[in-house]
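Structural overview
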Amino acid sequence: MDDHQPMGNPDDASAAPHEAPRGGLVCTVIPAPIPAHELGHAVITPTGAFEAGSYQSFTLVYTCGKFGIDDSGSIRICFRFASDQTRPQFEDPKRANFTVIEASNKAVLQYHYDPKGNVRPWDRTLYIKVVNGFMREGDTITVRFGVTDGGSLGMRLQTFAEDSFEFHMLVDPIATYTYQPLPEHPKIQIVPAPPEKFIAVLPTLRRVGEQFPLKIKGEDRWGNPSDQCDSTFTLKSSAPIKGLPKTIRLKPGEFAAVVEGLSVDQPGDIRIELIDEDGELAAGTNPLRISEGADLVHYWGDLHGQSEETIGTGTADQYFAFARDRAFVDATGHQGNDFQITTPFWHDLDRLCDVYDAKDSFVAIPGYEWSGNTGLGGDRNIYFPEAGRQIRRSSHALLADRSDVDTDCNTAAGLFQALADGKEWDVVGYAHCGGRYADVKMAHDGRFEKSMEVHSSWGTFEWLARDAFEMGYRVGIVANSDGHKGRPGASYPGSSLFGAVGGLTCFLTSELSRAAILDCLRKRRHYATTGGHGGRMIIDAKVSMSMDATIHHDDPKLYPAKGNPGRQALIGDIVHLPAGDAELCVDIHAAAAIERVDIFNGLDNVETIRPFGQDELGARIRVIWEGAEYRGRFRQVIWDGEAHVSGNAIVGARAINFFNKDKTLDLIGDSGLKWKALTTGNIGGFDVWLADPYGGTLKIETPLVKCGVPLEEIGLEDEIFDRAGVLPRYLKIFRLPDENQHRSFSFRRKLALKDVGDNPIFIRLTQEDGTLAWTSPVYIYR
C-alpha cells in the first residue's frame, strides 16, 4: 500500500470511499474538550505578500500537540467559500496545484478535497486522515501546495486581494470526529498586481454650476484596484470644465486619484478622456449630463454584499471603505446572512453605517439579508432608515447565542407579518436570487418589498421580475453585486461559480442622503445595470399621456394612496389613465455603443429598436449565448465550443463578457474560433469580422447548440437557436456595423395599452460591450 493515498477524484465529492466522511456528514465544532495550547501548531513558508491570481508554492507543516493524532484521527485545512484558488489535486504533477502530503513518522494518510467539507464560511476543505498508524507529540504532517517538480505552474492563488488569507486549521486528535481550531492559523497577504487597465468615473447627472469630482484608478487583470500605478495622464474634455487640471497622476502606493471641485456652466453631455504619455487613449469616463435645474439627480449604489464576519471577505469596515473609496459608488448597504449575524456584529454594523453615512457625500444603509430556505420563501433584503432596529432572522442556524430566538421569522410571510404587526412601514425590502432564490409567488408584501433584484454576481434573473408581473405586483427593478469578495460596487466574478460582474442601481433623487435613497426605493424611481465601468449610462425614460391621469407613488391596490393629476409619468410611477393615449419617451447616452433597446409591456417584448439600420451593417457577425440551467445554486450553463467559416476567412474576433480570465476566445488558423465560456442567466459571446461579409457558411458547435447558417442569411434580425429547459437557454446570431458609433439614442413610441390589468412599461438596453440595463416599470392601468 502506498503511504500517501489520495481518495478518488479530488473534484468529485462522490468518488471517495465510504470511510472518508463527506460534506453532508460534517459536524459543527463543539465546545473544546482539549485546551487550545495542547492542539499543536502550524506554520507556512514562505510568508508575506503575494499577487492575486499568481502561481505560488507553499509548504505547510502541522506539528502535533500533546495528544498527537490517534489512528483514524484527522485534520482539516479549510478555505473560505468565496475563495477561487485552484483546488488541491494529487494525481497529475503537471497540472495546477499538485499537492503532496506526508507524515514524518511514515504513518499512512488518506486525503481528499471537498468544496463542501466543513461548516461555512470555511467550507472548502482539504481532509487528511491517519488510517494506518498514529502520531505522537512533535510528529508532523507536511502539506506541499503547488509542487512544481513535475512541471506544475504551482498553486494559483485566489483572484481577489485579501489582507489576511487564512489556511484555517481544524484538528481531531482523539479520533472522536470533534474538530477544534488551532489557536493561530497560518496566514499570507494577497495583494493586487500591477494595473492592466484604467478606470475614470464621473457622476451621471449634475446641475449647472454644481460641483462634482473626477475619480480614476488602475485595475489588475482580475479587477483589483492596484496600488502599483505610476502613470501621468493628460485630461481631454469634450466641453469646458472649471477646475479641470491639464494632467492627473496615479502614484505608487495609492489606489485612486481624485480631482474635486469641478463644475460646468452650460447644460450638455460631457466625457473626459485620459491620454497616456505615449499619446494613446488609456481610459474614457462614463457620460455626465449637465442639466439646467433638474429636480432629480442620479446616484449609483450597490446595496447588497457581505464581509468576512458572515461569508464574505475582508472586514465590514473595509467593505464600506471599498465601496466609497475604490468602487466610487454613492451608496451601499451590508447584507450579511442573518443566521450568521451575532448580536455584537449586528450592533457593529449599525455603528459602521452611522460612521460612514454622510449627507451629500456617501450613504450607508443599515440592514441584513433574511436568508430563509427557498421552500420558506427564499432570500430577501431588508433595509432600515436608522440604526438600532430589530433583526428578525430566518433562523439561528450558525449562532450559539439563542437568547433572542423568539424574534426569528422562519418564513418570508412571517417576516412581512412581523413587520406589519410592528408597524414598521419605513422598512424597505428586495427579493433576490443568490444561493437560495426568492419565491415571490409564495410570499410577497408590496408594503415592504418594493423591488426585484434581476442581476448580481450570481447571474441575471429576469424571471424574478416576470414572476412579479404574473402575480400583478407593482415592483421596481434593481441590481447589486451580492458580492462575497469584499469589493462592493466593483465586484468581478474571478474564477469561481460566480458568473457575472456585480450589478449597480442608479437612484433618481433630489439629494444624496439615506432618507432620499429609501424614498427613491419606495417610489421605484431607479434603473438597474449589470455593472462594470460600462454600467454607468444615462437613461431618461418617461411616459406622456394625451389626457389627464392620476399618478401614484404608493400602490393604491395595497392601501389608500394619494394621487396627483398629471400628464407625464417617471419610471416607477403607478398611473391611472381611464382614457387617452400614452407615449414612451426615451433618451439614452450610453457608456458604450448601443446594440439595441427592447420595449416591454410586462411579460411581452413589444418592440426591439436599434440605433442603426440595414444599410449600416458590415462584415461583423455577433454570436450571443444566454441562459441558466435552473433557479438554484448550480445554474451554470457551459457554452464551450468552436466556430468555423467555410468559403471565407476571419480577420478579427473579440470576446463579450468573458469575465473569467481562465476562459478564452482563441483563433484556429484563419477560419476558426475555439472558446471556453459559461453563463448563469447572463449573456456572453463574441464578434467576428470576416474578409467577405456575405460569402460562405458559419458553423457553430456547443454542448447545447449545433448549427450552420449561410452568411448571406445573417442580417439585422436575430437567428435564434433555442434549447429552453427549466429556464431559457439559447444562442442567437445577427449582423452589426463594422464600427458602431451610436452611443446616444432618442426615440418616442406610442403604446398599445391593455384595457384589463396593468401595463408595466419598461425598457432593456443592451450595449455592445455586453452590459444590460433595465428601467423600473411605469405601471399604467385603465
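Before reading further, recall that the structure is shown in the block above.
Residues numbered from 1 in each chain as written. Predicted model: local features only at pLDDT ≥ 70, side-chain atom pairs only at ≥ 80, totals over all residues. Heavy atoms only, no water.

Scanning the chain from N- to C-terminus turns up 5 helices and 58 strands. Along the longest, intermediate and shortest principal axes, the C-alpha atoms of the chain span 85 × 70 × 55 Å. Expressed as a percentage of contacts within the chain between residues at least 6 apart in sequence, the contacts between residues at least 24 apart total 73%. Taken as a whole, the chain presents about 29,000 Å² of accessible surface, with 49% of it coming from carbon and sulfur. Averaging the positions of the 82 positive and the 108 negative side-chain charges in the chain gives two centres separated by 3 Å. (Helix = DSSP H or I, 4+ residues; strand = E, 2+ residues; numbered from the N terminus. Contact = heavy atoms within 4.5 Å. Areas by Shrake-Rupley, 256 points an atom, 1.4 Å probe, with all protein chains shown as cover. Lys, Arg positive; Asp, Glu negative; His and termini not counted. Charge placed at Lys NZ, Arg CZ, Asp CG, Glu CD.)

Turning to helix α1 (residues 316–325), a few remarks are in order. Taken together, the buried positions of α1 are occupied by A316, Y319, F320, F322 and A323. For α1, the angular spread of the buried residues around the axis is 160°, confining them to a single face. Next to the buried residues of α1 lie β27 (331–333), α2 (343–356) and β28 (363–365). (Buried < 20%, exposed > 50% of the residue type's maximum accessible area, 1.4 Å probe, protein only. Arc of directions from axis to C-beta.)

This structure, assessed with the given rule, holds 51 salt bridges. A salt bridge links E219 to K217; the nearest nitrogen and oxygen atoms lie 3.2 Å apart. Like K217, E219 is buried. Note that D718 is salt-bridged to R610, the shortest N-O span being 3.9 Å. Separated by 108 residues along the polypeptide, D718 in the loop between β52 (706–710) and β53 (719–722) and R610 in the loop between β42 (604–609) and β43 (620–627) bring together distant segments of the chain. A cluster of three or more residues bridged by salt bridges with shared partners is formed by E595, R596, R610, R620, R622, R654, D687, E717, D718, K732 and E768. (Salt bridge = Lys/Arg side-chain N within 4 Å of Asp/Glu carboxyl O.)

Attention now goes to the sheet that holds strand β24 (residues 281–284). Sheet architecture is open: 4 strands sit in the order β20-β19-β23-β24, paired in antiparallel fashion. Both edges of this open sheet fall to β20 (247–250) and β24, since each of them pairs with a single strand only. Taking each pair of neighbouring strands and ignoring which way they run, the sheet shows an average axis angle of 30°. Relative to β20, strand β19 (residues 231–237) runs antiparallel, the two sharing 4 bridges. (Pairing = 2+ DSSP bridges. Axes fitted to C-alpha atoms, helices over the stretch in contact; angles between N-to-C directions.)

Below, the discussion takes up the pairing of strand β15 (residues 187–191). Of the pairings in the sheet, the one linking strand β3 (residues 49–51) to β15 comprises 3 bridges and is parallel in character. Pairing of A49 across the sheet is with Q189, part of β15. As paired strands, strand β12 (residues 162–166) and β15 are joined by 3 bridges and run antiparallel to one another. Considered in β15, the bridge of F165 is made with I188.

This part takes up the sheet that holds strand β18 (residues 212–219). On the basis of which strands lie adjacent, the open sheet formed by 3 strands has the order β16-β18-β21 and antiparallel pairing. Looking along the sheet, the strands with just one partner apiece sit at the ends: β16 (197–201) and β21 (257–262). Adjacent strand axes in the sheet meet at a mean angle of 15° when their direction is disregarded. Summarising the sheet, β16 and β18 pair through 5 bridges and their orientation is antiparallel. Its bridge partner lying in β18, A200 is registered against I216.

You can see T505 is positioned in strand β35 (residues 504–509). Of note is the side chain of T505, whose polar atom sits 2.7 Å from the backbone oxygen of A479. Filtering out sequence-adjacent residues up to four positions away, T505 remains in contact with Y299, W300, G301, V478, A479, N480, H526, Y527 and A528. (Polar contact = N/O pair within 3.5 Å; in protein donor to acceptor, adjacent residues only side chain to side chain.)

Let us now look at the packing of aromatic side chains. According to the stated counting rule, one finds 29 aromatic pairs in the structure shown. Ring geometry for W346 against F384: centres 6.2 Å apart, planes inclined by 75°, an arrangement best described as edge-to-face. Taken together, the residues span a long stretch of sequence, with W346 in helix α2 and F384 in the loop between β30 (380–383) and α3 (412–421) at a distance of 38 residues. Taken individually, W346 and F384 each receive the classification buried, so the pair is uniform in this respect. Between F600 and F762 the ring centres are 4.9 Å apart and the planes differ by 5°, which places this aromatic pair in the stacked class. (Phe/Tyr/Trp six-rings, centres within 6.5 Å; stacked < 30°, edge-to-face > 60°.)

Looking along the chain, the bond that leaves T45 and enters P46 is cis, with omega of -5°. Between R120 and P121 the backbone carries a cis peptide bond, its omega angle lying at 5°. Unlike most non-glycine residues, K423 shows phi in positive territory, near 55°. Along the chain, K423 falls in the loop between α3 and β31 (428–431). A relative accessible area of 61% means that K423 is categorised as exposed. Look at R524: it is not a glycine, yet its phi comes out positive at around 60°. In this structure, R524 sits in the loop between α5 (514–522) and β36 (526–529). Look at R524 and you get buried, because its relative accessible area is 2%.

Here we take up a nonpolar patch on the surface. Where nonpolar side chains cluster on the molecular surface, the patch consists of Y630, F634 and V726 and spans about 350 Å² of accessible area. Relative to the elements of secondary structure, Y630 occurs in the loop between β43 and β44 (637–638). (Patch = residues over 30% accessible without salt bridge, like charges linked within 9 Å, V, L, I, M, F, W, Y side chains within 5 Å.)

What follows concerns the packing of α1 against α2. Relative to each other, α1 and α2 sit at 30°, their axes nearing to 10 Å. Relative to α2, α1 is oriented roughly parallel. When you trace α1 past α2, the crossing you get is right-handed. Residues A316, D317, F320, A321 and R324 of α1 lie in contact with α2, whose contacting residues are F345, L349, L352, C353 and Y356. Within the contact of α1 with α2, the residues separate by chemical class into 8 nonpolar, no polar and 2 charged. (Parallel < 35°, antiparallel > 145°, perpendicular 65-115°, else oblique. Left-handed = near helix turned anticlockwise from the far one by under 90°. Nonpolar A, V, L, I, M, F, W, Y, C, P; charged D, E, K, R; others polar.)

Let's shift gears to α3. The set of residues buried in α3 consists of A412, L415, F416, A418, L419 and A420. Contacts made by the buried residues of α3 are with β29 (367–370), β30 and β32 (449–456). Two residues or fewer after α3 comes K423, characterised by a positive phi angle close to 55°.

Let us now look at the nonpolar core. Y368, M545, V575, L584 and I780 are the most contacted members of the largest nonpolar core, which totals 67 residues. Sequence-distant contacts of M545, that is, excluding residues within four places in its chain, are made with I551, G566, R567, Q568, A569, V575, L577, D581 and A582. Within the second largest apolar cluster, 38 residues are counted, among which are F81, M452, F734 and L736. (Core = buried A, V, L, I, M, F, W, Y, C linked by side-chain atoms within 4.5 Å.)

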